[in-house]
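Listed here are the chains, written in short residue letters.
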Amino acid sequence: MGKFFAALIIVLLVGWLSPMCARLPDDLSTVSAPAAPVAPVVSTATAPAPEPAVAPPAPKPAPKPALDRPITVATFRSRSMFPVENGKYVVSVLRANRAEVPATGVRMTLTTRMQGEIVERAESGPAQSLAAGSTSYFGLTISTVVLDAILDGPEDRRSGLEWALSYHLDGDAPGSTRCFRLRALPRRREPSGISWVPLGESQKCDPAGTPADAPLR
């Protein structure tokens, strides 16, 4: 009985293993081993360097006030004779503050010369102020007798009228003074107007801070 069961077990084992053996290849050397895992590819390329940050442009400095353009005095052609007040002609000129800042302490003197000699002088009143970029007419007086003699006399460059202006611009050193001088010879125009012969101008001050009495250009 035991031999019978042993034989039966052998038969069953042979029947179970036979299909498996039939599926094995004849040449076991052709069986490939499982593929080895592929190592990850390490890139050797370097990343581009970041571009340097562009600094914003530096702000432009605010323009400085124009201090090199002084107050000027200018004559102008007139179609009529100077007006008369209290026996004197009122002779006006055009003052212009060409600076970009106000002017203070503005004073003006009008000197009349005949053949090089000073015969009359008129001065403005209290110091005035002139706004930046402003223009205005300003008149000082001359005796009618003196001015008529100049108008009727020869064209002598030693004769004529001279305006001397002193002032201070905001932004200048404290206590400093600027000056301007203009000299011109008035001439009669027909029928009753006035024209001017320019005789020179200057921006120099003397040590006392008044317009220098020097040859004009």
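The structure presented is a predicted model; accordingly, all values stated were derived computationally and were not measured.

A. Representation of the nonpolar core in the model. Counting residues in each nonpolar core, the largest one holds 34 residues, and the members touching the most others are Val91 and Trp163. Those elements that provide at least two residues to this core are strand S1 (71-74), strand S3 (88-97), strand S4 (103-114), strand S7 (135-143), helix H2 (144-152), strand S8 (160-169), strand S9 (178-189) and strand S10 (193-202). In terms of residue count, the dominant contributor to this core is S8 (five residues).

B. Spatial organisation of the pairing of strand S5 (residues 117-123). Inspection of the sheet shows S4 paired to S5 by six bridges, in the antiparallel sense. Note that in S5 the partner of Thr112 across the bridge is Glu120. The loop that links S4 with its antiparallel partner S5 comprises two residues; one of these, Gln115, has a positive phi angle of about 55°.

C. Structural detail: unusual backbone geometry. A cis amide bond, omega 0°, links Glu190 with the succeeding residue Pro191. With respect to the secondary-structure elements, Pro191 resides in the loop between S9 and S10. A positive phi angle, near 55°, is found at Asn86, a position not held by glycine. Within the element layout of this structure, Asn86 appears in the loop between strand S2 (84-85) and S3. With phi around 55°, Gln115 is a residue other than glycine that occupies positive phi space. As for its position among the elements, Gln115 is in the loop between S4 and S5. Taking the relative accessible area as the measure of exposure, Gln115 reaches 54% and is therefore exposed.

Criteria and cut-off values
Residues numbered from 1 in each chain as written. Predicted model: local features only at pLDDT ≥ 70, side-chain atom pairs only at ≥ 80, totals over all residues. Heavy atoms only, no water. Core = buried A, V, L, I, M, F, W, Y, C linked by side-chain atoms within 4.5 Å. Buried < 20%, exposed > 50% of the residue type's maximum accessible area, 1.4 Å probe, protein only. Helix = DSSP H or I, 4+ residues; strand = E, 2+ residues; numbered from the N terminus. Pairing = 2+ DSSP bridges.

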